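Take a look at the letters that make up each chain.
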Amino acid sequence: MIYHFLYPLHTEISAFNVFRYITFRTIYVSLTAFLICFLFGPWVIRKLSSLQIGQFIRKEGPESHFDKAGTPTMGGILIIFSILLSTLLWADLANHYIWIAIFVAVGYSAIGFTDDFLMQIKKQSKGLSARNKFLLQYFLGLLTGTLLYSNPDFSTIVTIPFFKDLSPDLGILYIPFAAFVIVGTSNAVNLTDGLDGLAAGPVLIASVTYMIFAYVSGHARIAEYLQITYVTGGGEITIFCGALAGATLGFLWFNTYPAQIFMGDVGSLPMGAILGTVAVITKQEILLMIVGGLFVIEALSVIFQVGYFKMTSGRRIFKMAPLHHHFELKGWPEPKVIVRFWIISIALALISMSTLKLR
Ligand code: 57M
């Protein structure tokens, strides 16, 4: 709203011309989202505690987690509220990519909220069945892919990192491809959210990385110089990445070890889905495998563990999957696992940015 109300006044007050700049609005959407989480966090923690929405800890997990039982969860409600409010304040609401990102955030947080509600409030420890959760996620992913495909300005080519001349055009198959990216990232972030701040840190790093990708791909001259796909109107998604980064940073203030609050599926599912959607909009879909490489590693550790477990009737590759539990059971203190995984995420983000030049 601020953009729509104040920028037009720049003819009378020249200083308001600054509201047209994506860089300026990205800084302030990030600060706004951060402050909303930082200021409302303590109240939300108290409210969730008073409502007794505390984390149920499964007995199969690492023993070190047992004393986490009862930690307030579903803190993702605050994250999503912060992202939506700050975006509505600072983004150009005439931009259709902004509304697609809002649609994904709301849709996936609704799935996560339902899962958390069944698990944490109705005490149905399994929550939504894996099948129903996946079907709902994929339906939303296909809807999002269709919304993008129906936009004549949106390109259906897939950018392959390092190979600037290799850009296959998927045509209508881009719809299921986009759904796969969004659903896969959503579940990978969900699996990663198993230690204090372990998901929030890499989501923060990935959202800052895609903030840069969105800005350069939405800027005609820079996109041409870098020889990357120019996305008409895609630059506004920089603002949404800023909102995600700010909200995640604010939430991390309370979710860092020892966590006072967990985000719940209501936070992890939309965070991953937003990253997947931003990767699709900015035409850096495959690069997400590097930017979000930690999420990929965590998800693959589960796939290999479950597959090997079934093939060998009970033998394991890791002490426990996802990978963060393996290191916990090897004796690494939780903070050591968390910060080392963050370091890996930062390194992967830097490598992904280098691919913009290595083409
Ligand atoms: C998402 N959820 C955390 C919290 C968070 C197939 C299998 C790999 C599925 C997987 C699974 O259930 N994943 C669900 C991960 C859970 O966190 C809650 O869930 C939200 C995110 N969706 O916001 O509300 C637990 O993680 C811990 N946690 C923290 N700090 C945080 O900031 O300490 C979370 C956030 C919380 C808390 O303990 O309760 C989770 O781990 O479930 N299952 C697993 O990951 C299980 N692994 C497993 O079964 N491995 C087997 C399989 C693969 C064959 C094996 O390796 O042998 C582990 N998770 C649990 N117990 N809870 C181990 C068993």
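Remember, it's a predicted structure, so these values are computed and weren't measured experimentally.

Peer 1: Please set out the site of the ligand residue by residue, giving values where relevant.
Peer 2: The local shell around the ligand holds 30 residues, among which Q55, N190, D193, G264 and D265 are the closest. Note that an oxygen atom of the ligand is positioned 2.7 Å from one of the side-chain N or O atoms of H65. Between the ligand and the protein, one listed contact pairs an oxygen atom with a backbone N or O atom of L195 at 3.2 Å. Here the ligand, which alone exposes 1,000 Å², has 85% of that area covered by the protein. Those elements that provide at least two residues to the shell around the ligand are α6 (174–192), α10 (265–281) and α12 (293–311). Per-class residue counts for the shell around the ligand are 11 nonpolar, 12 polar and 7 charged.

Peer 1: Run through the packing of aromatic side chains, naming residues and quoting values.
Peer 2: How two aromatic rings sit relative to each other is given by the distance of their centres and the angle of their planes. Here the structure, examined in full by the defined rule, presents 19 aromatic pairs. Geometrically, the ring pair formed by F40 and F81 is edge-to-face, given 6.5 Å between the ring centres and 75° between the ring planes. Here F40, found in helix α2 (residues 22–50), pairs with F81, found in helix α3 (residues 76–90); they are 41 residues apart in sequence, far enough to count as distant. Among the aromatic side chains, those forming a connected cluster through ring pairs are F16, F19, F24, Y28 and W90.

Peer 1: If you had to explain the side chain of T159 to someone new, which residues and values would you point to?
Peer 2: Inspection of the secondary structure assignment puts T159 in the loop between α5 (130–149) and α6. Looking at T159, the relative accessible area reads 7%, which means it is buried. For T159, the side chain forms a polar contact with the main-chain oxygen of K283, separated by 2.7 Å.

Peer 1: Give a detailed account of the side chain of N255, specifying residues and quantitative values.
Peer 2: In this fold, N255 is placed in helix α9 (residues 237–255). In terms of polar contacts, N255 uses its side chain to reach the backbone amide nitrogen of G197, at 3.0 Å. Among the polar contacts listed, one links the side chain of N255 to the backbone oxygen of I261, at a separation of 2.8 Å. Contacts of N255, omitting those with residues within four sequence positions, involve D196, G197, A200, I261 and F262.

Peer 1: How would you summarise the nonpolar core if you had to cite specific residues and measurements?
Peer 2: Core analysis: the biggest nonpolar cluster contains 79 residues, and I83, Y97, Y210, I237 and F240 have the highest contact counts within it. No other element matches α9, which puts 11 residues into this core. Ignoring anything within four residues of it in the chain, the contact list for Y97 reads L148, N151, F154, V231, T232, G233, G234, I237 and I281. The next biggest cluster of nonpolar side chains, apart from the first, holds 10 residues, and it includes L128, I182, V183 and L269.

Peer 1: Please give an account of the packing of helix α7 (residues 200–217) against α10 that cites residues and values.
Peer 2: Helix-helix packing is characterised by the crossing angle of the two axes and by the distance between the axes. Where α7 contacts α10, the two axes come as close as 11 Å, and the packing angle between them is 20°. The angle between the axes of α7 and α10 places the two elements in the roughly parallel class. The interaxial crossing formed by α7 with α10 has left-handed handedness. Between α7, through V203, A206, S207 and Y210, and α10, the contact on the second element is made entirely by M271, L275, V278 and A279. Looking at the contact of α7 with α10 residue by residue, the class counts come to 7 nonpolar, 1 polar and no charged.

Peer 1: So what's going on with the pattern of salt bridges? Which residues, and what values?
Peer 2: Following the criterion strictly, the structure yields 8 salt bridges and no others. With a closest N to O distance of 2.9 Å, K133 and D265 form a salt bridge. Of this pair, K133 sits in helix α5 while D265 sits in helix α10; the two residues are 132 residues apart in sequence, bridging distant segments of the chain. As far as the burial class goes, K133 and D265 line up, both buried. The partner of E285 in a salt bridge is K283, and the shortest N-O contact between them spans 3.1 Å. Look at E285 and you get buried, because its relative accessible area is 3%. Look at K283 and you get buried, because its relative accessible area is 1%. Sharing partners across several salt bridges, the network here consists of R58, K59 and E60.

Peer 1: Which residues make up unusual backbone geometry, and what values do they have?
Peer 2: Look at the link from Y257 to P258: it is a cis peptide, with omega at -10°. With respect to the helices and strands, the residue P258 is situated in the loop between α9 and α10. Put simply, A321 and P322 share a cis peptide bond, and its omega is -5°. Relative to the helices and strands, P322 is located in the loop between α12 and α13 (323–329). Phi at Q52 takes a positive value of approximately 55°, unusual for a residue other than glycine. The residue Q52 is located in the loop between α2 and α3 in this model. Backbone geometry places Q227, a non-glycine residue, at a positive phi of 55°. Position of Q227 relative to the elements: it lies in the loop between α8 (220–226) and α9.

Peer 1: A description of the environment of L143 should follow, citing residues and the corresponding values.
Peer 2: Relative to the elements of secondary structure, L143 occurs in helix α5. Taking the C-alpha atoms as reference, L143 lies 20 Å from G267; in sequence the two are 124 residues apart.

Rules used throughout
- Residues numbered from 1 in each chain as written.
- Predicted model: local features only at pLDDT ≥ 70, side-chain atom pairs only at ≥ 80, totals over all residues.
- Heavy atoms only, no water.
- Near = heavy atom within 4 Å.
- Polar contact = N/O pair within 3.5 Å; in protein donor to acceptor, adjacent residues only side chain to side chain.
- Areas by Shrake-Rupley, 256 points an atom, 1.4 Å probe, with all protein chains shown as cover.
- Helix = DSSP H or I, 4+ residues; strand = E, 2+ residues; numbered from the N terminus.
- Nonpolar A, V, L, I, M, F, W, Y, C, P; charged D, E, K, R; others polar.
- Phe/Tyr/Trp six-rings, centres within 6.5 Å; stacked < 30°, edge-to-face > 60°.
- Buried < 20%, exposed > 50% of the residue type's maximum accessible area, 1.4 Å probe, protein only.
- Contact = heavy atoms within 4.5 Å.
- Core = buried A, V, L, I, M, F, W, Y, C linked by side-chain atoms within 4.5 Å.
- Axes fitted to C-alpha atoms, helices over the stretch in contact; angles between N-to-C directions.
- Parallel < 35°, antiparallel > 145°, perpendicular 65-115°, else oblique.
- Left-handed = near helix turned anticlockwise from the far one by under 90°.
- Salt bridge = Lys/Arg side-chain N within 4 Å of Asp/Glu carboxyl O.

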